[in-house]
Amino acid sequence: MEHLQQLLDKIFPGSSSFALFESRVEHLGQSVRWHRLRYQRSSDSSLEGLSLNILSFPPDHLQPLPIRFHKNGRERLMQDGDLQHAIANAFWQTCWAEGALRTTRGETFPVAFVIMDRLRPVAHSEQYPTPIEKYSNGWLVGAEEIIVRRLQKKTRAGQLSLRDGHLEGNLDPDEQAFLKKYTFVDRFIGDNSRAQPSTRPLRQLVRVNASHLISRLYAGELGHFVPENFHAPVLAATNNGFFLNFPEEYRNPFTAMNDPVGLLVVDGELLQAPLVPRAAFLADDTGKATITTVSMQHCVLQLPWEREPLKAGGTDGFAIDNEGAHGRQTVLFTPAWRAELPAGEQKTPAGEVVEVAIVFGRIVAVAEGGGMEIPASGFVLSVPARHISASTVLEAIRKHGAGIGTRLRAEFFGMQHINTAVGAGPALLQNGQIIAHDFFAAGAGGEVFLPVHSDGEITQAGVAPTRFPHDSGHTRAPRTILGLKPDGSALLCVIDGRLREHSFGATLQEAGAIGKALGCSDVLNMDGGGSSVLQLWPESLRQTTLLPGISPGIANIPSDNGHRDRLMPVVISITEPAGERSPIA
């Protein structure tokens, strides 16, 4: 570790050198190793530290694991007061940039949360056709979308009220049943539950993605999360990529709080498309892996009304965010299209077109004439009206279902089959060269990051994460990086931050340099900040916590209030697959 220590002194120059005061190594499995390194040095008459938790493993051991594998995940969440409290708390923390609890800061108002099942496949047959309902100049698709839109409309009209912790209003039987089964009222924190009138109008109905994971629940009920094709124990887990977190990010009617927005492929199934060009980790069945920029340009779409798959490019394929091609050929509009506009105004151009909004591989709305809002966790496909009619699209949905097939063209990446993919970004290291430049300048690095510059109230939707730091070389924060070494092995490193004596964190450039110092040739930035939480599961490591009160098995010190692990829409799991493996060096 002396070599690494010298490299850290170069990465973080200071008045004194780092001194190593903890180095702990454990083999979690035959080919998975955990290494914790903690350094300290004196600076400005005080101590400052740097803490690294490093996992080394073969690339095919990495498995993204959404809660859709949990048995009755949505129903389980509706029964868990702790999880509901965490969701409500996360909502209110993000209402104010500083994350203060609403009991001490900001406006309060009655809120209810409706749990959306975003990643579970929908069964379809001619006996049970997809529900479709007319609205405005279009049609809503799917029972869940229809009923939630009705409830949101009634909320805006003041027709839903909170009475003694329960919702009531002018509801039909289907709406009453849905509210009872999938909606909970924010009654756990703050002053909504104290010294208020017995009846208050509901001010907001917040859609929430049911793919939540929280590591303490994940650890306690691991058996419920493991799908049938997992034949191995989960040894460790941390956060995946970015998700819709701040209210301005999920104001669109088709989005939900905590929707993942990065590429997600689990066991060969594409669950979330690469909505905008961003770096991602890809691995095939053989364990071959790469880190590269992926976008909708690399996708093929199979639509219910088309026999042949639709590819990007050419006059017969789809264009991407191309207003000039609108009305002349099929155009796919992503969340990057006119993302500088205020929330609610980010819409497709008007024209003689038929449009479908697609979220997580499902058509959620069909409309004519353009002007459709673009979901931050999905996209809009705009087809010239002379090529197809809305009635043809709706009939195809009734017959074949609202699902569309989306896959990555593996040949673009030198692979035969992509088994696992997780997208985040930006890429920090490429072929051994640090490339963490100003990714927030237009077109820099080939990745799309359009953060909103916050001056008071944030009105723009942007491209999530909208509150990503606007620099790559100044803002130090907790970071999680995923890297590949020249020998083909993978590395995941959680860098603690925002706790100066324990660990002051890293900028994006410094995180890339740490990955290089650890022997990586390519490094991908994952979601950091309070999401940088490393959970270990071997029974012998259940008491590895660094501070009292941290959940058992968490190996680092999370930076959120109280050092608590937070909600994670998708977790990266490190497993020990069955079969012969060479012990890790």
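Since we're looking at a predicted model, the values are computed, not measured.

Thresholds applied
Residues numbered from 1 in each chain as written. Predicted model: local features only at pLDDT ≥ 70, side-chain atom pairs only at ≥ 80, totals over all residues. Heavy atoms only, no water. Helix = DSSP H or I, 4+ residues; strand = E, 2+ residues; numbered from the N terminus. Buried < 20%, exposed > 50% of the residue type's maximum accessible area, 1.4 Å probe, protein only. Contact = heavy atoms within 4.5 Å. Areas by Shrake-Rupley, 256 points an atom, 1.4 Å probe, with all protein chains shown as cover. Pairing = 2+ DSSP bridges. Axes fitted to C-alpha atoms, helices over the stretch in contact; angles between N-to-C directions. Disulfide = S-S within 2.5 Å. Salt bridge = Lys/Arg side-chain N within 4 Å of Asp/Glu carboxyl O. Arc of directions from axis to C-beta. Parallel < 35°, antiparallel > 145°, perpendicular 65-115°, else oblique. Left-handed = near helix turned anticlockwise from the far one by under 90°. Nonpolar A, V, L, I, M, F, W, Y, C, P; charged D, E, K, R; others polar. pLDDT = per-residue confidence, 0-100. Expected span 1.5 Å × (residues − 1).

Here we come to the overall build of the protein chain. Regarding its fold elements, the protein chain presents nine helices and 35 strands. In the protein chain, which comprises 585 residues, the share counted as buried stands at 60%. Restricting the contact set of the protein chain to residue pairs at least 6 apart, pairs at least 24 apart contribute 69%. Total accessible area on the protein chain is roughly 23500 Å²; 47% of this is exposed by carbon and sulfur atoms.

Glycine aside, residues mostly have negative phi, and peptide bonds are mostly found in the trans state. The linkage connecting Gly425 with the following residue, Pro426, adopts the cis geometry, with an omega of 0°. Tracing the backbone through its elements, the reader meets Pro426 in the loop between strand E27 (418-423) and strand E28 (427-430). Cis peptide bonds are those with omega within 30 degrees of zero, and the linkage from Ala464 to Pro465 qualifies with 5°. Within the element layout of this structure, Pro465 appears in the loop between strand E29 (433-434) and strand E30 (479-484). One non-glycine residue, Asp267, adopts positive backbone phi at about 50°.

The next subject is the sheet that holds strand E16 (residues 269-272). Reading across from one edge, E16-E15-E27-E17-E18 is the order of the five strands in this open sheet, with antiparallel pairing throughout. The sheet terminates laterally at E16 and strand E18 (289-294), the two strands that pair on one side only. Put simply, the sheet's adjacent strands are angled 30° from each other on average, direction ignored. Sheet topology places strand E15 (residues 264-266) next to E16; three bridges connect them, and they run antiparallel. Across the sheet, the residue bridging to Leu264 is Gln272, located in E16.

The tally for this structure, following the rule as stated, stands at zero disulfides. Unpaired in this structure, Cys493 has its nearest cysteine sulfur neighbour in Cys520, at a distance of 8.6 Å. A relative accessible area of 0% places Cys493 in the buried class.

It is worth spelling out the pattern of salt bridges at this point. Applying the stated criterion across every chain yields a total of 12 salt bridges. A salt bridge links Glu48 to Arg41; the nearest nitrogen and oxygen atoms lie 2.7 Å apart. Of the residues examined, Glu48 reaches a relative accessible area of 8% and is grouped as buried. Accessibility expressed as a relative area gives 6% for Arg41, which makes it buried.

So, about helix H8 (residues 390-400). Since there are 3.6 residues in each turn of an α-helix, residues three or four apart along the chain are aligned in direction. Within H8, the full set of buried residues consists of Ala390, Val393, Leu394, Ala396 and Ile397. Taken around the axis of H8, the buried residues stretch over an arc of 160°, which confines them to a single face. If you follow the buried residues of H8, they end up packed against strand E6 (132-135), strand E7 (138-141), strand E23 (350-359) and strand E24 (362-370). Gly401 sits one or two residues past H8 and shows a positive phi near 100°.

The next thing to look at is the packing of helix H1 (residues 2-11) against helix H9 (residues 508-517). Viewed as axis vectors pointing N to C, H1 and H9 meet at an angle of 160°, and their least axial separation amounts to 10 Å. Regarding the angle of H1 to H9, the classification is roughly antiparallel. As H1 packs across H9, the resulting crossing turns out to be right-handed. Contacts from Leu4, Leu7, Leu8 and Ile11 in H1 reach Glu510, Ala513, Ile514 and Ala517 in H9.

This paragraph deals with the side chain of Asp259. Locating Asp259 in the fold gives a position in the loop between strand E14 (234-239) and E15. When residues no more than four places from it in sequence are discounted, the contact partners of Asp259 are Arg118, Asn209, Phe242, Phe243, Leu244, Phe360 and Ser377.

So, about the packing of helix H4 (residues 143-156) against helix H5 (residues 173-182). Running from N to C, H4 and H5 point in directions that differ by 95°, and their axes come no closer than 11 Å. Compared by their axis directions, H4 and H5 come out roughly perpendicular. On the side of H4, the interface is formed by Glu144, Ile147, Val148, Arg150, Leu151 and Lys154, while H5 contributes Asp174, Glu175, Phe178 and Leu179. Of the residues in the contact of H4 with H5, the class split is five nonpolar, no polar and five charged.

Pairing is antiparallel in the open sheet, where eight strands are placed in the order E1-E2-E3-E31-E30-E32-E28-E29. Each edge of the open sheet carries a strand with a single partner, namely strand E1 (19-29) and E29. With six bridges connecting them, E30 and strand E31 (residues 490-495) associate as antiparallel partners. What sits directly across from Arg479, in E31, is Ile495. In the packing of H1 onto the sheet, the strands contacted are E1, strand E2 (32-43) and strand E3 (46-57), and the crossing angle to E2 comes to about 50°. Where H9 meets the sheet, its contacts fall on E3, E28, E29, E30, E31 and strand E32 (522-525), and the angle it forms with E28 comes to roughly 40°.

With respect to the helices and strands, the residue Ala312 is situated in the loop between strand E20 (310-311) and strand E21 (319-320). The class of Ala312 is buried, set by a relative accessible area of 15%. Along the chain, Ala312 and Val331 lie 19 residues apart, while their C-alpha atoms are 9.3 Å from each other.

Now for the confidence of the model for the protein chain. Mean pLDDT over the protein chain: 85, with 84% of residues reaching 70 or higher. Low pLDDT, under 50, characterises residues 98-103; the predicted model gives this stretch 20 contacts beyond four residues in sequence or across chains.

In this section: the pairing of strand E35 (residues 570-575). Among the six residues of E35, six are classified as buried, and the element is accordingly described as predominantly covered. Neither face of E35 is open: one carries Val570, Ile572 and Ile574, the other Val571, Ser573 and Thr575, and all of them are buried. Looking at chain direction, E14 and E35 are connected through five bridges and run antiparallel. Each residue of the ladder has a partner; that of Ala236, found in E35, is Ile574.

Examined against the element boundaries, Ile434 turns out to sit in strand E29. Overall, Ile434 belongs to the partly exposed group, its relative accessible area being 35%. Taking the C-alpha atoms as reference points, Ile434 and Ala513, separated by 79 residues in sequence, lie 6.7 Å from one another.

Helix length check: H4, at 14 residues, gives a terminal C-alpha distance of 20 Å against a target of 20 Å (1.5 Å per residue), a fit within 8%. Across the 14 residues of H4, 10 count as buried, placing the element largely inside the fold. All buried positions along H4 are accounted for by Glu144, Glu145, Ile146, Ile147, Val148, Arg149, Leu151, Gln152, Lys154 and Thr155. One or two steps after H4, the chain reaches Gly158, where phi turns positive at roughly 75°.

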